Amino acid sequence: MVKRKELKDNDVDMGGTDRRVENDSDSDEDIDMVNVDFEWFDPDPEVDFHGLKNLLRQLFDNDAQDLDMSALTDLILSQAWMGSTIKTDGKESDPYAFLTVLNLQEHKDKPIIQALTTYLRQKALTNPALSPLSALLTTPPPKTTIGLILTERLINMPAEVIPPMYTMLQAEIAHAVADREPFDFTHYLIVSKTYEEVQSKLDMEETRPQKKKKAAAGGSAERFFFHPEDEVVERHALCAGSYEYTRKQDDGHSDSKRAFQELGIRTKGSLILLEKGRLEGAVKAMAEYVGAGGQ
């Protein structure tokens, strides 16, 4: 069941994502255009192990060290015809993004899935908004099959590349079900990340009252998405919510991620549970939201 996947970005409306870099030595009108060709490939066990493992570490953030990322990568690559990677320098290069789905019930006897399921169940129990998920993971009915969707990308990757990956995933799942393979899911669980803005440790040391006031004015912290498409997907979800990582950040961690903003950020895990029939609509809404063209 090995298939295709040399879809290039000229097959998808990238919504004006060409990179523009100003040349400071020339006039303001001189702008360099950098065109990036994205290619979609099947995950490749021969070349993708380290690239996928690094993206998984990024996805699980602080808690990646408590889960066997090598075993999880091997499991993803064992079903290399399911899911996609995106690369910019040919098949042999490292992936800049990936998306796949794993059957939690089919692989329930594997240590990494046992550990991951326990982890997800514990995190769901910490947020009342995720109570339907905690119930599903704790006492799954006989006819319940959860597809765990794992997806991550480098931080500067445009969101427009993601809806085509989901579209291809749906087609692959349909092919797998037709071939009587274990991908007929009743629910999909997406693991992602969110963040909150927090008072900068540096600002506190420098005693800047105007910034302290700004950080405190909103009361409870506002929730932001690393993956902008998650905001749309959550509208189609049975339940969704964030959770704290087990491994706490040190005091300087939020400042290390403040980049071009006044406040630091605190990252959190995010879980989105979708019923089977809601995925297609969520993907269509996602494509409209990020400006990706259809296929």
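Predicted model, so just to flag it, every value in this text is computed and none were measured. (Residues numbered from 1 in each chain as written. Predicted model: local features only at pLDDT ≥ 70, side-chain atom pairs only at ≥ 80, totals over all residues. Heavy atoms only, no water.)

A. Spatial organisation of the packing of helix H1 (residues 49-60) against helix H2 (residues 69-77). Contact pair H1 / H2: the axes reach a minimum separation of 9 Å and the direction vectors enclose 120 degrees. The pairing of H1 with H2 is recorded here as oblique in orientation. Taken as a pair, H1 and H2 cross one another with a handedness that is right-handed. From H1, Phe-49, Leu-52, Lys-53, Leu-56, Arg-57 and Phe-60 reach across to H2, where they touch Met-69, Ser-70, Leu-72, Thr-73, Asp-74, Ile-76 and Leu-77. Split by residue class, the contact of H1 with H2 holds eight nonpolar, two polar and three charged. (Axes fitted to C-alpha atoms, helices over the stretch in contact; angles between N-to-C directions. Helix = DSSP H or I, 4+ residues; strand = E, 2+ residues; numbered from the N terminus. Parallel < 35°, antiparallel > 145°, perpendicular 65-115°, else oblique. Left-handed = near helix turned anticlockwise from the far one by under 90°. Contact = heavy atoms within 4.5 Å. Nonpolar A, V, L, I, M, F, W, Y, C, P; charged D, E, K, R; others polar.)

B. Focus on the packing of aromatic side chains. Here the structure, examined in full by the defined rule, presents eight aromatic pairs. Each ring, one from Tyr-195 and one from Phe-226, has its centre 4.9 Å from the other, and the planes form 55 degrees; the classification is tilted. Taken together, the residues span a long stretch of sequence, with Tyr-195 in strand S7 (residues 187-198) and Phe-226 in the loop between strand S8 (223-225) and helix H8 (229-233) at a distance of 31 residues. Seen from their ring centres, Tyr-243 and Tyr-245 are 5.9 Å apart, and the 80 degrees between their planes marks the pair as edge-to-face. Residue Tyr-243 is classed as buried on the basis of its relative accessible area, which comes to 3%. Three or more aromatic residues joined by ring pairs make a cluster, and in this case those are Phe-60, Tyr-119, Tyr-243 and Tyr-245. The residue whose ring lies beneath Lys-193 is Phe-226, and the NZ or CZ to ring-centre distance is 4.9 Å. (Phe/Tyr/Trp six-rings, centres within 6.5 Å; stacked < 30°, edge-to-face > 60°. Buried < 20%, exposed > 50% of the residue type's maximum accessible area, 1.4 Å probe, protein only. Lys NZ or Arg CZ within 6 Å of the ring centre and 35° of its normal.)

C. Local environment of the side chain of Glu-196. Among the secondary structure elements, Glu-196 is positioned in strand S7. Side-chain polar atoms of Glu-196 contact the side chain of Lys-268, separated by 2.9 Å. In this structure, Glu-196 is in contact with Ala-221, Glu-222, Gly-264, Ile-265, Arg-266 and Lys-268, ignoring residues within four places of it in sequence. (Polar contact = N/O pair within 3.5 Å; in protein donor to acceptor, adjacent residues only side chain to side chain.)

D. Structural view of the confidence of the model for the chain. Residues with a pLDDT of 70 or more make up 75% of the chain, whose mean pLDDT is 83. Contacts of residues 13-27 to residues separated by more than four positions or lying in other chains number 30 contacts, the stretch itself having pLDDT below 50. In the predicted structure, residues 207-219 sits below a pLDDT of 50 and forms eleven contacts with residues beyond four places in sequence or in another chain. (pLDDT = per-residue confidence, 0-100.)

E. Looking closely at the packing of helix H3 (residues 111-124) against helix H4 (residues 131-138). One can describe the packing of H3 onto H4 by two numbers: an axis separation of 8 Å at closest approach and a directional angle of 145 degrees. Both H3 and H4 take part in a crossing whose hand is left-handed. Facing H3, whose interface residues are Thr-117, Leu-120, Arg-121 and Ala-124, H4 presents Leu-133, Ser-134, Leu-137 and Thr-138. Looking at the contact of H3 with H4 residue by residue, the class counts come to four nonpolar, three polar and one charged.

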